[in-house]
Amino acid sequence: MSDEVIDKSQWEFFCNRLSRQLQGAQAEIEVASLNIGDQIQAEWVPLLGVTYDPKDDVVEIAVEGLDHIVREPRSLIVQRDGAMVESLAVETTAGERHIVRFRQPLSLPAPEAVRS
């Protein structure tokens, strides 16, 4: 696995591209900070999208049932396994680390017709 720090000038484009690439994926969101420790905010729910709004300086991770907002992001770090994006870490100026892990849902074969 390799880590890649995304340049801030590319955040909006990167988030839009990531959302398209991970369409149909599931996500787990974890927040780590000295104040609260490590807490899971969402556990393997459908990912709706990841956006960066430069005007308000926020990263939004939308999953089914939750819009997770990260204010004052300082860095975006992507972890890849080959071409596959495994996770995205958003570090804030307040020292928080928001980690979003991705996985594709399992595709099961269609059930066979029952013969009598």
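Details of the structure are given in the entry above.
Let us look at the structure shown here. Keep in mind that what you see is a predicted model, and the values were worked out from it rather than measured.

### Here we look at the sheet that holds strand S4 (residues 58-63)
Move 1: Taken in spatial order, the eight strands make up an open sheet running S1-S6-S7-S8-S2-S3-S4-S5, and their pairing is antiparallel. Whereas interior strands pair on both sides, the edge strands pair on one side only; in this sheet they are strand S1 (2-6) and strand S5 (66-71). Each strand axis lies, on average, 35° off the axis of its neighbour in the sheet, ignoring direction.
Move 2: For strand S6 (residues 73-81) and strand S7 (residues 84-92), the ladder comprises eight bridges, and the chain directions are antiparallel. Of the residues in S7, the one forming a bridge with Val-78 is Leu-88.
Move 3: Against the sheet, helix H1 (residues 11-21) makes contact with S1, strand S3 (37-53), S6, S7 and strand S8 (97-103), and its axis sits at roughly 100° relative to S3, the strand it touches most.

### Re the packing of aromatic side chains
Move 1: In this structure the tally under the stated criterion is one aromatic pair.
Move 2: Ring centres of Trp-11 and Tyr-52 lie 5.1 Å apart, and the angle between their planes is 85°; this geometry places the pair in the edge-to-face category. Remark: Tyr-52 occurs in strand S3 and Trp-11 occurs in helix H1; sequence separation between them is 41 residues. Both residues of the pair, Trp-11 and Tyr-52, belong to the buried class.

### Observations regarding the pairing of S4
Move 1: Among the six residues in S4, five count as buried, and that is most of the element.
Move 2: Relative to S4, S3 runs antiparallel, the two sharing six bridges. Bridge assignment links Tyr-52 to a residue of S4, and that residue is Val-59.
Move 3: In sequence, S3 turns back onto S4 through a hairpin of four residues, with Asp-57 there showing a positive phi of about 55°.
Move 4: As judged from the six bridges shared by S4 and S5, these two strands associate in the antiparallel manner. Each bridged residue has a counterpart across the sheet, and for Val-58 the counterpart in S5 is Arg-71.
Move 5: Linkage of S4 to S5, two consecutive antiparallel strands, is achieved through a turn of two residues, within which Gly-65 is found at a positive phi near 90°.

About the thresholds
- Residues numbered from 1 in each chain as written.
- Predicted model: local features only at pLDDT ≥ 70, side-chain atom pairs only at ≥ 80, totals over all residues.
- Heavy atoms only, no water.
- Pairing = 2+ DSSP bridges.
- Helix = DSSP H or I, 4+ residues; strand = E, 2+ residues; numbered from the N terminus.
- Axes fitted to C-alpha atoms, helices over the stretch in contact; angles between N-to-C directions.
- Contact = heavy atoms within 4.5 Å.
- Phe/Tyr/Trp six-rings, centres within 6.5 Å; stacked < 30°, edge-to-face > 60°.
- Buried < 20%, exposed > 50% of the residue type's maximum accessible area, 1.4 Å probe, protein only.

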